Amino acid sequence: MITYSALTTLKGRDAAQALGEMLEDIDPIPTGVGVFEMEDGSGLWEVGAYFLEAPDDVALALAAAAFGARPFTVSEVPETDWVAKVKRELAPVEAGRFFVHGSHDADKLPEGRIGLLIEAAMAFGTGHHGTTLGCLKALDRLLEQGVTCQKVADVGCGTAVLGMAAARVWPITVLASDIDEVAVEVAAANVVSNGLEGRVICVEAAGFDHPDLAAEAPFDLVFANILMGPLLALAPDMGGAVAPGGHAILSGILNAQADAVIEAYEDAGFALTQRDIECDWTTLTLQRAA
């Protein structure tokens, strides 16, 4: 079966989301529509749709023009068993004491390591990306330094791998939040797969804007593996959400963006304690003034 993709980019989250909503109603009806902020620091958003028959070029051109987007690029997508492909190509990831793996690699868990199961079909946030890997290594370092936490939040949790890691090393309940409903469902499924029901609570929220998060704050540790723009917007709230002496582990930051994020969090009362680089990505560990 041939699948067709139609992709474009444009500036502005609101315009991108509106274009995505328009695509959902064009003929032929797409099987799926996605809207994502690009992680290259360009400020552009990518809007894409997938079709089981060739899309209408005129309809796509009119939709792009309506929101100032670039012309859509339409391509044929070869049929691929993506889950099988991920299983073949995504080897387990080791980050200090943590071992992130799919169910197909459960038998490879080394003795003495903490296993975190993320299914292959949920590949984003498996630890292969430099941002997730950097956050796990930062957590491992805090543990080596003797840091203990009673309250932890994983903001923009994705698969909830970071929240689950915290729940594995401390006898606590972690709050994991994401702005995307599907991500919350994925996170909740992973929590069940790892036997952490009741230990990692998954909620849909933008930043700290949820009653459960408000009730638990301030936190001893907050993970925020998102993007520079949301991190900058979150800085003032982070200052109130992290307890004095507590830590924030931030990622989703391109190396060239790190100084701007550090400055914003210093203004919010944090001091940089560690700056790590994984390929193109920076992970920051910061501590709030006591």
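Our subject is the structure that appears above.
Cut-offs applied
Residues numbered from 1 in each chain as written. Predicted model: local features only at pLDDT ≥ 70, side-chain atom pairs only at ≥ 80, totals over all residues. Heavy atoms only, no water. Helix = DSSP H or I, 4+ residues; strand = E, 2+ residues; numbered from the N terminus. Contact = heavy atoms within 4.5 Å. Core = buried A, V, L, I, M, F, W, Y, C linked by side-chain atoms within 4.5 Å. Buried < 20%, exposed > 50% of the residue type's maximum accessible area, 1.4 Å probe, protein only. Salt bridge = Lys/Arg side-chain N within 4 Å of Asp/Glu carboxyl O.

(A) Spotlight on the environment of G43. Secondary-structure assignment places G43 in the loop between β2 (32-37) and β3 (44-51). Taking C-alpha positions, G43 is 8.7 Å from L10, a pair spaced 33 residues apart along the chain. The contact partners of G43, leaving out residues within four places of it in the chain, are K11 and G12.

(B) Representation of the nonpolar core within the structure. Judged by nonpolar contacts, the single largest core of 36 residues is most densely connected at L139, V152, W170 and L221. Of all the secondary structure elements, the ones that give two or more residues to this core are β5 (93-95), β6 (98-101), β7 (114-117), α4 (130-144), α5 (161-169), β9 (174-178), α6 (181-193) and β11 (219-225). It is α4 that provides the largest number of residues to this core, a total of 7 residues. Residues contacting L221, with those up to four places away along its chain left out, are L139, L142, C149, K151, V152, A153, W170, H247, A248 and I249.

(C) Looking closely at α5. Burial within α5 is extensive, with 7 of its 9 residues counted as buried. The set of residues buried in α5 consists of V161, L162, G163, M164, A165, A166 and A167.

(D) Local environment of the pattern of salt bridges. Counted according to the given criterion, the structure contains 6 salt bridges. Note that R97 and E144 form a salt bridge whose closest N and O atoms lie 2.9 Å from each other. Taken as a pair, R97 in the loop between β5 and β6 and E144 in helix α4 lie far apart in primary sequence, 47 residues in all. The exposure class of R97 is partly exposed, given its relative accessible area of 25%. One salt bridge in this structure joins D276 and R141, with 2.9 Å as the shortest N-O distance.

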